[in-house]
Amino acid sequence: MDILQSQELPVINSARTVYRFIRGAYRKIRAIKNHFLNLIDSPIILLVYHRVTDLPSDPEMLAVSPGNFRRHIEFLKQQFPVVRFEEDWSHLKEPAVVITFDDGYADNVLEALPILEEVGVPATFFVSTGHIGTSKEFWWHRLEAMLLRDGEFPSGFTLDDARYGRVWDTDTFDQRKVLYNTLSGFMLKITPERREDWLNQLKKWSGSGDEGKNIHRSMSHEEIKRLAASPWATIGAHTVTHSALSALSEEQQRKEIFTSKQVLEKITGAEITTFSYPFGRRVDYNRTSVRLCRKAKFRKAASNFPGQVHRWTDHYQLPRHLVRNWDIDTFTDQIQSFWTR
Ligand SMILES: [Zn+2]
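Rules used in this analysis
Residues numbered from 1 in each chain as written. Predicted model: local features only at pLDDT ≥ 70, side-chain atom pairs only at ≥ 80, totals over all residues. Heavy atoms only, no water. Core = buried A, V, L, I, M, F, W, Y, C linked by side-chain atoms within 4.5 Å. Buried < 20%, exposed > 50% of the residue type's maximum accessible area, 1.4 Å probe, protein only. Helix = DSSP H or I, 4+ residues; strand = E, 2+ residues; numbered from the N terminus. Contact = heavy atoms within 4.5 Å. Phe/Tyr/Trp six-rings, centres within 6.5 Å; stacked < 30°, edge-to-face > 60°. Patch = residues over 30% accessible without salt bridge, like charges linked within 9 Å, V, L, I, M, F, W, Y side chains within 5 Å. Areas by Shrake-Rupley, 256 points an atom, 1.4 Å probe, with all protein chains shown as cover. Salt bridge = Lys/Arg side-chain N within 4 Å of Asp/Glu carboxyl O. Lys, Arg positive; Asp, Glu negative; His and termini not counted. Charge placed at Lys NZ, Arg CZ, Asp CG, Glu CD. Donors = N, O, S within 2.8 Å, 3.2 Å for Na, K, Ca; no water. 1 Å grid on protein atoms, 1.4 Å probe; cavity = no way out; pocket = protein on both sides within 12 Å on 5 of 7 lines; lining within 4 Å. Points joined across faces, edges and corners; volume = space filled by probe spheres on them. Nonpolar A, V, L, I, M, F, W, Y, C, P; charged D, E, K, R; others polar.

*Asks:* Could you give an account of the nonpolar core, with specific residues and numbers?
*Replies:* In this structure, L47, F69, L76, F101 and I335 are the most contacted members of the largest nonpolar core, which totals 54 residues. It is helix 3 (residues 106-119) that provides the largest number of residues to this core, a total of 6 residues. F101 has contacts with Y49, H50, V52, F69, N108, A112, L116, A123, T124, F125 and F126, leaving out every residue within four places of it along the chain. One finds W140, M146, L183 and W205 within the second-largest nonpolar core, a separate group that totals 25 residues.

*Asks:* Could you give an account of the environment of W339, with specific residues and numbers?
*Replies:* For W339, the location among the structural elements is in the segment after helix 10 (328-338). Classification of W339 by relative accessible area gives buried; the value is 10%. Separated by 144 residues in the primary sequence, W339 and R195 have C-alpha atoms spaced 38 Å apart. Filtering out sequence-adjacent residues up to four positions away, W339 remains in contact with N34, N38, P43, I45, F80, P95, A96, V97 and Q308.

*Asks:* Requested: an account of the packing of aromatic side chains, with residues and values cited.
*Replies:* Under the definition given, this model contains 24 aromatic pairs. Judged by centre distance (6.0 Å) and plane angle (80 degrees), the ring pair of F85 and W89 falls under edge-to-face. When its relative accessible area of 0% is taken as the criterion, F85 is described as buried. Here W89 falls in the buried class, since its relative accessible area comes to 7%. Relative to Y285, the ring of Y277 has its centre 4.0 Å away and its plane inclined at 10 degrees; by these criteria the two rings are stacked.

*Asks:* Requested: an account of a positive patch on the surface, with residues and values cited.
*Replies:* Together, R16, R20, R23 and R27 line one region of the surface with positive charge. Position of R20 relative to the elements: it lies in helix 1 (residues 3-40).

*Asks:* Could you give an account of the coordination of the zinc ion, with specific residues and numbers?
*Replies:* Protein-derived ligands of the zinc ion are D103 (OD), H238 (NE2) and H242 (NE2), with the metal-ligand distances lying across 2.0 to 2.2 Å. Ordering the donors of the zinc ion by residue number gives the pattern D-x134-H-x3-H. One end of the pair, D103, is in strand 5 (residues 96-103); the other, H242, is in the loop between strand 9 (233-237) and helix 8 (250-268), with 139 residues separating them in the sequence. Each member of the pair, D103 as well as H242, is classed as buried.

*Asks:* Could you give an account of empty space enclosed by the protein, with specific residues and numbers?
*Replies:* Counting across every chain of the model gives 2 cavities of 30 Å³ or more. Approximately 40 Å³ is the volume attributed to the largest cavity. If you trace the largest cavity, you find it lined by L55, S57, D58, P59, E60, W140, H141, E144, Y180 and H216. In terms of residues, the lining of the largest cavity owes the most to one element, helix 4 (residues 139-147), which gives 3 residues. Grouping the constituent residues of the lining of the largest cavity by class yields 4 nonpolar, 3 polar and 3 charged.

*Asks:* An account of the layout of surface pockets is requested, with residue identities and associated values reported.
*Replies:* Estimates place the volume of the largest pocket at around 640 Å³. Around the largest pocket sit 28 residues that line it, and L62, F279, N304, L322 and R324 are the ones nearest its centre. At the level of elements, strand 5, helix 4, helix 5 (173-186), strand 12 (321-322) and helix 10 are the ones that each hand at least two residues to the lining of the largest pocket. Looking at the lining of the largest pocket residue by residue, the classes come out as 12 nonpolar, 8 polar and 8 charged. As for the second largest pocket, its lining consists of 15 residues, of which R282, P306, G307, Q308 and P319 are closest to the centre. Here the lining of the second largest pocket is built from residues that sort into 5 nonpolar, 6 polar and 4 charged.

*Asks:* Please set out unusual backbone geometry residue by residue, giving values where relevant.
*Replies:* Within the chain, M61 stands out as a residue other than glycine whose phi angle is a positive 55 degrees. The topology assignment puts M61 in the loop between strand 2 (51-52) and strand 3 (63-64). The phi dihedral of T239 falls on the positive side, at around 70 degrees, and the residue is not glycine. Residue position: T239 is located in the loop between strand 9 and helix 8.

Given below as structure tokens:
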């Protein structure tokens with residue numbers, strides 16, 4: 001270690017300590033503020049799940065095992081009123097919970113729905129319509145299938161793109177994981193057409209298909225009809241191509257939002273009144289997205305950042321807490337923290 005490094009280390013360490021202190025203080029202040037707001041108005045917390053199944057690999061950590069999901073649902077049913085996303089919450093006098101699902105994976109119908117029906121708990125399922133009834137997978141699974149598989153790879157990948165183009169080493173799994181993570185992030189900022197071009201470049205480079213596994217498929221038409229027929233399920237829209245809306249022009253956003261609603265209405269024969277933004281962080285959609293959701297006559301739209309819902313919360317940017325594959329002890333601790341997070 002040279003002299004410069006030995007002098008730099010304490011600076012970095014103290015910067016980290018200050019950052020941790022500020023973050024801790026901010027969280028405490030937020031918890032106190034939320035505690036008082038909860039005294040004025042009963043909060044509702046919205047949970048977002050994506051998948052209920054066991055997966056051999058899950059780099060995005062979106063799958064909850066059926067066993068853990070059942071325990072989550074039974075706990076919620078015992079402890080709180082579980083209300084529907086689309087219902088009018090203004091009459092609620094005590095803290096309540098809402099369960100939602102994003103994306104429209106087939107396992108929602110095959111594994112989650114039977115548990116919800118058996119326990120007797122409602123949920124709303126936001127479905128992306130681009131892959132309904134096909135074996136095609138969402139783009140992050142295609143990326144995973146090409147980069148995180150076993151086998152031989154060329155020793156470097158060059159992305160041909162005016163803005164994001166560069167070269168990555170790809171000899172080891174860790175290097176390919178870096179490429180996977182970087183491209184996943186970049187792909188939130190580009191249009192579906194450009195993303196398709198990148199995936200094709202990768203396909204040619206890797207010399208393998210991007211078909212992935214059938215375990216990642218979206219619902220079929222029949223499965224959507226089955227979901228729509230359940231008294232415990234409601235269907236909402238979630239765009240066509242699952243792109244971050246903030247990366248798209250107004251016209252592209254309109255197409256994504258309106259078409260997903262129309263496709264689902266055609267399949268179910270019922271009006272689709274709710275929506276959730278793909279990825280759903282504040283940077284993943286914009287004011288145009290919110291305006292178009294109102295124009296499409298959605299009554300509520302869900303985001304994907306933590307927070308509780310009060311009567312003054314914007315119904316077109318409802319905060320939700322992401323649920324991971326937690327065992328029941330972790331889940332109960334997390335739920336406890338959600339009331340003031
Ligand atoms: Zn989604």
